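Architecture at a glance
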Amino acid sequence: MKKINIKQLLPLFFIATVFFISRSFNMVHIPGGISTEELKIISFLNIHEIVYAYYARLIPAFVFLLTSYILYFGFLTKTNNRLLSICIALVFILSPWSFAISHTLTIQMPIIFLACLYFLLPSPISYWYLAIYSIAFAAYYHVVAYSDFTSNIIALVDLKNLFFTGDYASFYLKIPFVGFFSFVDLPVFIIGLYALFTGNKMKKLQEIIIPFFCMGTILVFFNNLPNATYKTQFFLLSIGIVIGIGYYVLFSSYLINKYIRTIILILIACNLFYNLELYYHHFDYKNSTEWGYSKIQFIHYAKKQEINTFYITQDSADLLQYTDLFLVPKLKFIIISKDKIPTLCKNKYNRCILKEHELGLVGKSKDDIQTVFYHANGLPDYFLL
Amino acid sequence: MTKIKTVNLLLCTILLFAFLIRAFKIETIPGGIDWDEASFGYNAYSIAQTGMDEWGKFLPLSFQAFGDFKLPAFIYITSFFIRIFGLTVFSLRIVSALAGTLTVFFVYSIALIVFKDKRTALLSALFLALSPYGIFYSRLGLDISCIGMFIAGTVLYELKYIKDEKMLNLSISLLFLICCFFTYNVGRILAPFFLISIIAVSLHKKNTVHTVTVILLMIFMFGVGVYQLKNSYQSRMKYVGIFGTDKSMVLNINSLRYEDHNTFMSKLIHNKIVLLATTLTQKYVEHFSSNFLSSSNPPSAVQVSFHGPLFLIQLLFYYVGIVYLIATFLKEKNTTNKISFALLLFWMIISPFPSIITEGGISRRYIGALGTWEILCAFGVSTVFFTRKNRRYIWNTLFMVCALCYGGFAFQYLNFYFTKMPDFAYVYFKRQNDIAKYTAQEYANFDTIHVSRQITGEPHIFILFFLRFSPQKYIQTKNYTIENDWVLIHGFDKTHYPYIIDSKYLTTLKDDKKKSMMFLSEKEFMNLSQNDMNRFSYRKFDFSTVDNTSVYLITNK
């Protein structure tokens, strides 16, 4: 039996350490609410407790770590270059787009994981795998029905979008004020691109990356939302790999002495800290209405109550998606039409859930209501009478 | 010999073509003049007639106009043409067309000096001749139209000075630089950087006289800059700059700190330095981003190009041009050539500065880069197609395909400009132009003329322009107030510009013997009483399909 060399395991520990440090602030509780997309998966997993629902987010986190290992091993096998493989894996872990996605319980992480298997597979099989997987991907997202190539091409290669604006098509998956990649990655990307096409011994890397990049680009061409993170993973992964190559060139170049390396590392650390602060402290505020914060508040409230029947207006009926899953055996919800609001909700023995614009029907203003369920930014969502 | 003649012939054809595109139907497309064009034109007319501006100042260095203190170079140049052709839209805009054409020649010469390749130079000239930015700004009677020419002139003669060290070339370069400084705000931001580059070159040449001359000029420009800062520049920057308490950057900081409950750590992370660095970098990168370089939108505002500076097909060559220019600069052994490449790179690097320190992505602030886009594209094309020793069939075919695509894009742009642009005349104040033209036509037939400010902000300037009103008489008869540094003209001679024309205003015109003509908005007209209607005869003057409103013209019976 082959003896395991501890030196070979060190990169894995290093990648895992970076992963845990970047998540040390909060592993599963940001975003603070649960989206409707997540609800479907939670329902599929048959989870009925909110606490467990949050912990289900450990699954994408685990897949995320596994994907970074796949990238590491894939490039290590094909290039036999440890530093390069580490750089690529770390860029993936720390890129704002993948970081944000890995915090949500969606189908995205498995899709990226499966896409990254391309790098692990030996070359003839990998091309076939990529082709088949791309077709499946395109079919899943119905991305083959769009023809405005020009605007997509422009949006695709736009440096401002990649490094500053980020995903404005599905901004609820985006770290505020940050692009798909960190600011400091921009010059590194240019270095990586230059090295990839002009550097020595880059032919092997070109053979690996170019098909993946082309496939990602083709998929974006046929995409009606070229900026949506969940439709551009292939493309973003390719850019991330080029950035990884850029970091590799920077750290392995004889032109760069240890002082410059230290400065680069400090810059990366500062930028990383900035991104993490924005994610952990501001993501919920900027995406207040997207993640069902008020609904989770209501679930917590309702569980403590002894009342078992709530009247809910049609405009507030989206709350039922959450109550059906987390409060099924305990409480009963009756949807009422607009004309019945005054009669049912004026009765002080009934419990009614209303939106702000419906309060006038029962002769109340929002200041009269004591029990209010708020969005993450402090704006009221539901009122309980 | 034959080859030289062919090149010259091609260059002349390109220049002629550039001029024709810029001058064709220049009076009618764009379909009107905006108030800045009218103000430039009238001030130039005033200078041509009296040597004074509209405020009676003799040969001023800064024209007060509406209180926005316009820079003088464009007005003085235009005054010569207005002196010859009279005050018309043509005489105002032809200056821009000529400046645009001259820029094409300058860009050709710059590319020829830097790359020493006639094909690259001709391509640069062709790209500029058909450049969406170049064409768009060369057809507006504005100061912006000349700034590209002055910047290109500065660079060209600096390059010549690098080659031959002649005082004449240095002087011409400095002359263009001074023109930059006195033409447009973009020039005022870029001029000091070019001056620094000239100082660096003269220091490198170890020529004390030249260095002292340039430094003296720098001191002069610094003095003028400080003087002007007190007047217009400061207030202008307060209005358009990214610095200030009510700017989006500061509002973002406040919002982030609020969300962090104003902790010390939050102040450490979310402060002006961090956000300024990211904002400036973002705006700088935007200048090189594909979305900015080649996206197009329907015309939405005067002075804002509806098309990016490059056609889509040029994008790739532009990026290739940048990469290979850097690579060529690094590899170059000859010092003079290296400095030439460095100057071109320097121009490319500094050109986004005026736009990054201001809010809003307004295309005219990118105008400093006009010339660099085209030269870099041409260099990219040369690198890809012309430098291969064994030119294969496939590369020739690819070149032909690209050339055809470029032709298609250019044709599409020109077709849009000359056939669809007239539909967007409302953007170019066509309504205000029509009111002013009608007023000029009927001026002698009425005793008083009233134009409501509900229709337009500064109606007087259009009437002054189309009436070719005597500058001396205007200075004597105008009635105005100044509010927040902005001059409000309430009337001159027999014209009046009230904030609103309503029943109350009409009752003040008791002297019915005076023959009056009034232009008012649809809303004002609808609010008039039946009594008012009986006193006046009225008709619809025009109808705008954009906002579905009309302007009404009423006269006494």
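**Comments concerning the overall build of chain A**
The secondary structure content of chain A amounts to 17 helices and five strands. For chain A, the spread of C-alpha atoms along the principal axes amounts to about 80 × 45 × 45 Å. Looking at chain A as a whole, 53% of its 385 residues are labelled buried. Total accessible area computed for chain A in this model is approximately 18,100 Å², and 65% of it derives from carbon and sulfur atoms. Positive and negative side-chain charges of chain A, numbering 30 and 21 respectively, have mean locations separated by a distance of 11 Å.

**A look at the overall build of chain B**
Helix and strand counts for chain B stand at 25 helices and seven strands. Taking 2.2 N^0.38 as the reference for a compact globule, 557 residues should give roughly 24 Å; the C-alpha atoms of chain B span a radius of gyration of 26 Å, in line with that estimate. Taking the principal axes of its C-alpha atoms as reference, chain B extends roughly 85 × 70 × 50 Å. Counting all 557 residues of chain B, 56% fall into the buried class. The long-range share in chain B, meaning contacts at least 24 apart out of those at least 6 apart in sequence, stands at 73%. Per element, the accessible surface of chain B, about 24,600 Å² overall, is 63% carbon and sulfur. For chain B, the distance from the average site of its 54 positive side-chain charges to the average site of its 35 negative ones is 10 Å.

**Side note on the pairing of strand β3 (residues 486-492) of chain B**
Residues and elements named next belong to chain B. Counted residue by residue, β3 has five buried out of seven residues, so it is predominantly covered. Between the antiparallel neighbours strand β2 (residues 479-483) and β3 lie two residues, among them asparagine 484 with a positive phi of about 50°. Strand direction decides the pairing type here: β3 and strand β4 (residues 495-496), joined by two bridges, are antiparallel. Bridge pairing in β4 links glycine 491 to histidine 496. Counting the residues between successive antiparallel strands, the hairpin from β3 to β4 contains two residues, one of them, aspartate 493, with a positive phi of roughly 45°.

**Digging into the environment of phenylalanine 429 of chain B**
Residues and elements named next belong to chain B. Within the element layout of this structure, phenylalanine 429 appears in the loop between α19 (393-420) and α20 (430-442). Take phenylalanine 429: its relative accessible area is 17%, and that puts it in the buried class. For phenylalanine 429 and glutamate 522, which are 93 residues apart along the polypeptide, the C-alpha to C-alpha distance reads 17 Å. Ignoring any residue separated from it by four or fewer positions in sequence, one finds phenylalanine 429 in contact with Ile33, Asp34, Trp35, Val302, Thr456 and Phe462.

**Description of the interface of chain B and chain A**
Facing the 25 residues of chain B at the interface are 21 residues of chain A. At the boundary of chain B with chain A, total buried surface from both sides reaches about 2,000 Å², with 69% on carbon and sulfur atoms. The interface formed by chain B and chain A includes two salt bridges. Notably, a salt bridge pairs glutamate 259 of chain B with lysine 286 of chain A, separated by 3.1 Å at the nearest N-O pair.

**A few points about helix α18 (residues 372-386) of chain B**
Each full turn of the α-helix corresponds to 3.6 residues, which orients residues three or four apart in the same direction. Taking 1.5 Å per residue as the helical rise, α18 of chain B with its 15 residues ought to reach 21 Å, and the 20 Å between its terminal C-alpha atoms agrees with that figure. The buried fraction of α18 of chain B amounts to 15 of the 15 residues, a majority that puts the element mostly inside the structure.

**Re a nonpolar patch on the surface**
On the surface, Ile6, Leu9, Leu10 and Phe13 of chain A cluster together to form a nonpolar patch covering roughly 400 Å² of accessible area. Within the secondary structure, phenylalanine 13 of chain A sits in helix α1 (residues 6-22).

**Observations regarding the pattern of salt bridges**
Taken as a whole and assessed by the stated rule, the structure comprises 13 salt bridges over all chains. In this structure, arginine 57 of chain A engages glutamate 38 of chain A in a salt bridge whose closest nitrogen and oxygen atoms are separated by 2.9 Å. With a gap of 19 residues between them, arginine 57 of chain A in the loop between α3 (50-55) and α4 (58-79) and glutamate 38 of chain A in helix α2 (residues 36-44) connect regions that are remote in the sequence. Each member of the pair, arginine 57 of chain A as well as glutamate 38 of chain A, is classed as buried. Taking the shortest distance from any N to any O, the salt bridge between aspartate 36 of chain B and lysine 70 of chain B comes out at 2.8 Å. Here the residue aspartate 36 of chain B occupies a position in helix α2 (residues 35-50), and lysine 70 of chain B occupies one in the loop between α2 and α3 (73-85), the gap between them amounting to 34 residues. The residues aspartate 36 of chain B and lysine 70 of chain B share a single accessibility class, namely buried. By sharing partners, the salt bridges in this structure join Asp36, Asp68 and Lys70 of chain B into a single network.

**A look at the environment of arginine 351 of chain A**
Residue and element names in this part refer to chain A. Mapping arginine 351 onto the fold places it in the loop between α17 (341-346) and β3 (352-354). Residue arginine 351 is classed as partly exposed on the basis of its relative accessible area, which comes to 27%. Each C-alpha atom of the pair arginine 351 and isoleucine 296 lies 18 Å from the other, and the pair is 55 residues apart in sequence.

**Thoughts on the side chain of lysine 478 of chain B**
By the element assignment, lysine 478 of chain B lies in the loop between α22 (471-477) and β2. At a separation of 2.7 Å, a polar atom in the side chain of lysine 478 of chain B contacts the main-chain carbonyl oxygen of glutamate 54 of chain B.

**Section: the packing of aromatic side chains**
Residues and elements named next belong to chain B. Throughout the structure, instances matching the rule amount to 82 aromatic pairs over all chains. Measuring from ring centre to ring centre gives 5.4 Å for tyrosine 133 and tryptophan 373, while their planes differ by 90°; the resulting arrangement is edge-to-face. Of the two residues, tyrosine 133 is situated in helix α6 (residues 132-137) and tryptophan 373 in helix α18; the sequence distance between them amounts to 240 residues. The buried category is assigned to tryptophan 373, whose relative accessible area is 0%. Ring centres of phenylalanine 306 and phenylalanine 416 lie 5.1 Å apart, and the angle between their planes is 50°; on these two criteria the pair is classed as tilted.

**Overview of the sheet that holds strand β2 (residues 332-336) of chain A**
Residues and elements named next belong to chain A. The five strands are arranged β2-β1-β3-β5-β4 in an open sheet whose pairing can be described as mixed. The two strands at the open ends of the sheet, each matched to only one other strand, are β2 and β4 (371-374). Averaged over all pairs of adjacent strands, the angle between strand axes in this sheet comes to 25°, irrespective of strand direction. Pairing of β3 with strand β5 (residues 380-384) involves two bridges; the strand directions are antiparallel. Within β5, the position partnered with isoleucine 353 by the bridge is leucine 384. Relative to the sheet, helix α15 (residues 293-304) contacts β1 (309-313), β2, β3, β4 and β5, its axis offset from that of β4 by approximately 140°.

**Some words on α2 of chain B**
Under the 1.5 Å per step criterion, the end-to-end length of α2 of chain B is 22 Å for 16 residues, consistent within 8% with the ideal 22 Å. Most of α2 of chain B is tucked away, with 14 of its 16 residues classed as buried.

**Considering the environment of phenylalanine 74 of chain B**
Residue and element names in this part refer to chain B. Mapped onto the secondary structure, phenylalanine 74 falls in helix α3. With relative accessibility at 0%, the residue phenylalanine 74 sits in the buried group. Separated by 67 residues in the primary sequence, phenylalanine 74 and glycine 141 place their C-alpha atoms 9.1 Å from one another. Setting aside anything within four residues of it in sequence, one finds phenylalanine 74 in contact with Phe40, Leu92, Val95, Ser96, Gly141, Leu142, Asp143, Ser145 and Cys146.

**Details of the nonpolar core**
Core analysis: the biggest nonpolar cluster contains 158 residues, and Ile110, Phe115, Phe136, Tyr318, Trp373 and Phe519 of chain B have the highest contact counts within it. When residues no more than four places from it in sequence are discounted, the contact partners of phenylalanine 519 of chain B are Ile435, Tyr438, Thr439, His450, Val451, Ser452, Ile455, Ile501, Phe541, Val551, Tyr552 and Leu553 of chain B. The next biggest cluster of nonpolar side chains, apart from the first, holds 94 residues, and it includes Phe75, Ala89, Ile243 and Phe251 of chain A.

**Describing the side chain of aspartate 542 of chain B**
Residue and element names in this part refer to chain B. Mapped onto the secondary structure, aspartate 542 falls in strand β6 (residues 536-544). Polar contacts involving the side chain of aspartate 542 include one to the side chain of arginine 431, which spans 3.0 Å. Beyond its immediate chain neighbours, meaning those up to four positions away, aspartate 542 contacts Arg431, Ser550 and Val551.

**Quick notes on the packing of α4 of chain A against helix α7 (residues 108-120) of chain A**
All names here are of chain A. Closest axis-to-axis distance for the α4/α7 pair is 8 Å, and the angle between their directions is 10°. Taken together, the axes of α4 and α7 are roughly parallel relative to one another. Of the residues in α7, those touching α4 at Pro60, Val63, Phe64, Leu66, Thr67, Ile70, Leu71, Phe73, Gly74, Phe75 and Lys78 are Met109, Pro110, Ile112, Phe113, Cys116, Leu117, Tyr118, Phe119 and Leu120. Of the residues contributing to the contact of α4 with α7, the split by class is 17 nonpolar, two polar and one charged.

**Brief notes about the confidence of the model for chain B**
All names here are of chain B. Chain-level pLDDT for chain B is 87 on average; 93% of the residues reach the 70-or-more range. No element of chain B has a lower mean pLDDT than helix α10 (residues 208-240), at 70, and none a higher one than helix α4 (residues 89-115), at 96. Across the whole predicted complex the pTM is 0.84, and at the interface the ipTM reaches 0.76.

Conventions and cut-offs
Residues numbered from 1 in each chain as written. Chains lettered and ligands numbered in written order. Predicted model: local features only at pLDDT ≥ 70, side-chain atom pairs only at ≥ 80, totals over all residues. Heavy atoms only, no water. Helix = DSSP H or I, 4+ residues; strand = E, 2+ residues; numbered from the N terminus. Buried < 20%, exposed > 50% of the residue type's maximum accessible area, 1.4 Å probe, protein only. Areas by Shrake-Rupley, 256 points an atom, 1.4 Å probe, with all protein chains shown as cover. Lys, Arg positive; Asp, Glu negative; His and termini not counted. Charge placed at Lys NZ, Arg CZ, Asp CG, Glu CD. Rg over C-alpha atoms; globule rule 2.2 N^0.38 Å. Contact = heavy atoms within 4.5 Å. Pairing = 2+ DSSP bridges. Buried area = accessible area lost by both parts, 1.4 Å probe. Salt bridge = Lys/Arg side-chain N within 4 Å of Asp/Glu carboxyl O. Expected span 1.5 Å × (residues − 1). Patch = residues over 30% accessible without salt bridge, like charges linked within 9 Å, V, L, I, M, F, W, Y side chains within 5 Å. Polar contact = N/O pair within 3.5 Å; in protein donor to acceptor, adjacent residues only side chain to side chain. Phe/Tyr/Trp six-rings, centres within 6.5 Å; stacked < 30°, edge-to-face > 60°. Axes fitted to C-alpha atoms, helices over the stretch in contact; angles between N-to-C directions. Core = buried A, V, L, I, M, F, W, Y, C linked by side-chain atoms within 4.5 Å. Parallel < 35°, antiparallel > 145°, perpendicular 65-115°, else oblique. Nonpolar A, V, L, I, M, F, W, Y, C, P; charged D, E, K, R; others polar. pLDDT = per-residue confidence, 0-100.

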